[in-house]
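Here's the letter readout for the chains.
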Amino acid sequence: MIIEHVGVVGAGQMGNGIAQICAVAGLKVSLCDQSQEAIDQGLATIRASLERMQAKEKITAEQVTSALGRIETSTSTESLAQVDMAIEAATEVEAIKQAIFKELDRVCQPQAILATNTSSISITRIAAVTGRPGKVIGMHFMNPVPMMKLVEVIRALQTDDEVFDRVTELARQLGKVPVDVKDAPGFVANRVLLPMINEAVFTLYEGLASAEEIDTVMKLGMGHPMGPLALADLIGLDTCLSIMEVLHDGFSDSKYRPCPLLKQMVDAGYLGRKSGRGFFQYS
């Protein structure tokens, strides 16, 4: 099972990062999104990221040109017909992901692996909507993808051992450290991280301290490189809320109840960096 051509569905924050590291690793990449605008923005982000790496002498100008040359784009999933593996990096909504996987199952060649970058949703339920559940797997990259080493590799109940082994090998090929994680709400990373972020939002909601002060406590007191509220803005408050709702629904435990302030922020369209405003303001 050789993976030389990877399809990436979604050119947003996670998708363009996945496309970038695959191209840098020498793989052919087909990047797909619904709109040309999203694709153009994704490519611009990739180019800027590669140029920053070149400026820091982590890669050469030739490597930048070669990586960009390996990425082809399309607004149609039909462009993924010949990929060896497709990685979905769409919005963290189960219905959207299941619809994408039904489409990937239709267009991709029968032997292709279908992976999801979901950060919390059941891989088993996603696999069940396809005709190839044994070839479905979770590959949860961390944000920002080019910088962060961890990849959670999550088996669905149906995932074939050969598929798990090959995806684990691919993660190493991409310069990442794969960790074998079981399929449960939030997996490991977000089951630990998001309740912490949610609790930080509660401390703001209850007026214990300002957003700046809460983040300062966590940075200086706990050694975190970024405070939890700034991190929530980076992740996207809508994504944070979706993950908390998955945890709350999946475990039926009140300790995962999303903070009302988090819900209000999302309702107001204050989604963090991508909207220009979250717990902090962004130009």
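Residues numbered from 1 in each chain as written. Predicted model: local features only at pLDDT ≥ 70, side-chain atom pairs only at ≥ 80, totals over all residues. Heavy atoms only, no water.

S.K.: Help me out: how do you make sense of the domain arrangement of the chain in this one?
M.R.: In many reports, interface size means the accessible area that the parts give up when they come together. The assigned domain composition of the chain is domain 1 (5–182) and domain 2 (190–273). With centres defined by C-alpha atoms, the gap from domain 1 to domain 2 works out at 26 Å. Roughly 570 Å² is buried in total at the junction of domain 1 and domain 2, and carbon and sulfur atoms are behind 52% of that figure. Three residues stand out in domain 1 for area buried against domain 2, namely Glu92, Ser119 and Ser120, and they jointly supply 54% of the buried area on that side. Our enumeration of links across domain 1 and domain 2 arrives at zero salt bridges. For the interface between domain 1 and domain 2, the tally reads two residue pairs in polar contact (both at pLDDT 80 or more). Taken together, the residues of the side of domain 1 that touches domain 2 sort by class into one nonpolar, five polar and one charged. (Domains from an automatic or database assignment. Buried area = accessible area lost by both parts, 1.4 Å probe. Salt bridge = Lys/Arg side-chain N within 4 Å of Asp/Glu carboxyl O. Polar contact = N/O pair within 3.5 Å; in protein donor to acceptor, adjacent residues only side chain to side chain. Nonpolar A, V, L, I, M, F, W, Y, C, P; charged D, E, K, R; others polar.)

S.K.: Any chance you could explain the UniProt feature "site: Important for catalytic activity" (unreviewed entry) in the chain here in plain terms?
M.R.: Within the UniProt annotation, "site: Important for catalytic activity" (unreviewed entry) is assigned to His140. On the secondary structure map, histidine 140 appears in strand β6 (residues 136–141). Excluding residues that lie within four positions of it along the chain, histidine 140 makes contacts with Thr116, Asn117, Thr118, Ser119, Leu150, Val151, Glu152, Ile154, Phe187, Ala189 and Asn190. Of note is the side chain of histidine 140, whose polar atom sits 2.7 Å from the side chain of glutamate 152. (UniProt positions renumbered as here; feature names shortened; annotations may be inferred. Helix = DSSP H or I, 4+ residues; strand = E, 2+ residues; numbered from the N terminus. Contact = heavy atoms within 4.5 Å.)

S.K.: Just to check I follow, could you spell out the pairing of strand β8 (residues 177–181) for this structure?
M.R.: When a strand is regular, its side chains alternate between the sheet's two faces. As paired elements, strand β7 (residues 150–155) and β8 share five bridges and run parallel to each other. Residue valine 151 lies in a different strand from β8, and its bridge partner there is proline 178. Taken together, β7, helix α6 (residues 161–173) and β8 form a β-α-β motif whose crossover is right-handed. (Pairing = 2+ DSSP bridges. Right-handed = clockwise from strand over helix to strand, strands pointing away.)

S.K.: Looking at this structure, I do not really get α6. What am I missing?
M.R.: Think of an α-helix as 3.6 residues a turn; residues three or four steps apart then line up on the same face. Here α6 contains 13 residues, and its C-alpha end-to-end distance of 18 Å stays within 8% of the 18 Å for a straight helix at 1.5 Å per residue. Buried within α6 are the following residues: Val163, Phe164, Arg166, Val167, Thr168, Leu170 and Ala171. Structurally, α6 contributes buried residues whose contacts are with β4 (85–88), β5 (113–116), β6, β7 and β8. Immediately downstream of α6, the backbone of glycine 175 shows phi near 85 degrees, a positive value. (Expected span 1.5 Å × (residues − 1). Buried < 20%, exposed > 50% of the residue type's maximum accessible area, 1.4 Å probe, protein only.)

S.K.: How should the packing of aromatic side chains be read in this particular structure?
M.R.: Pairs of aromatic rings are described using the distance from one ring centre to the other and the angle between the two planes. In this structure the tally under the stated criterion is two aromatic pairs. Note on phenylalanine 202 and tyrosine 205: the rings are 6.4 Å apart at their centroids and 70 degrees apart in plane angle, and the pair reads as edge-to-face. One end of the pair is phenylalanine 202 and the other is tyrosine 205, both in helix α7 (residues 189–205) and three residues apart, which spans about a single turn. One Lys or Arg, arginine 155, reaches over the ring of phenylalanine 164 and ends 3.7 Å from the middle of that ring. Arginine 277 extends its terminal NZ or CZ atom over the ring of tyrosine 270, reaching a point 3.9 Å from the ring centre. (Phe/Tyr/Trp six-rings, centres within 6.5 Å; stacked < 30°, edge-to-face > 60°. Lys NZ or Arg CZ within 6 Å of the ring centre and 35° of its normal.)

S.K.: Please clarify how the state of the cysteines should be interpreted in this entry.
M.R.: Such a bond, covalent and formed between the sulfur atoms of two cysteines, is termed a disulfide. Under the counting rule described, the total for this entry stands at zero disulfides. Free cysteine cysteine 32: the closest other cysteine sulfur is in cysteine 108, separated by 9.9 Å. The exposure class assigned to cysteine 32 is buried, which follows from its relative accessible area of 3%. (Disulfide = S-S within 2.5 Å.)

S.K.: Please clarify how helix α1 (residues 13–24) should be interpreted in this entry.
M.R.: The first and last C-alpha atoms of α1 sit 17 Å apart over twelve residues, in line with the 16 Å expected at 1.5 Å per residue. Burial analysis of α1 places ten of its twelve residues in the buried class, which makes it a mostly covered element. At the C-terminal side of α1, glycine 26 shows a positive phi close to 95 degrees.

S.K.: Sorry if this is basic, but what is going on with the layout of surface pockets here?
M.R.: One way to see where empty space is left: roll a probe the size of a water molecule over the atoms. Taken as a whole, the second largest pocket spans an internal volume of roughly 160 Å³. Contributing to the lining of the second largest pocket are Gln20, Ile21, Val24, Met53, Pro146, Met147, Lys149, Leu174, Gly175 and Lys176. Per element, the largest residue contribution to the lining of the second largest pocket is three residues, and it comes from α1. Along the lines of polarity and charge, the residues of the lining of the second largest pocket split into six nonpolar, two polar and two charged. (1 Å grid on protein atoms, 1.4 Å probe; cavity = no way out; pocket = protein on both sides within 12 Å on 5 of 7 lines; lining within 4 Å. Points joined across faces, edges and corners; volume = space filled by probe spheres on them.)

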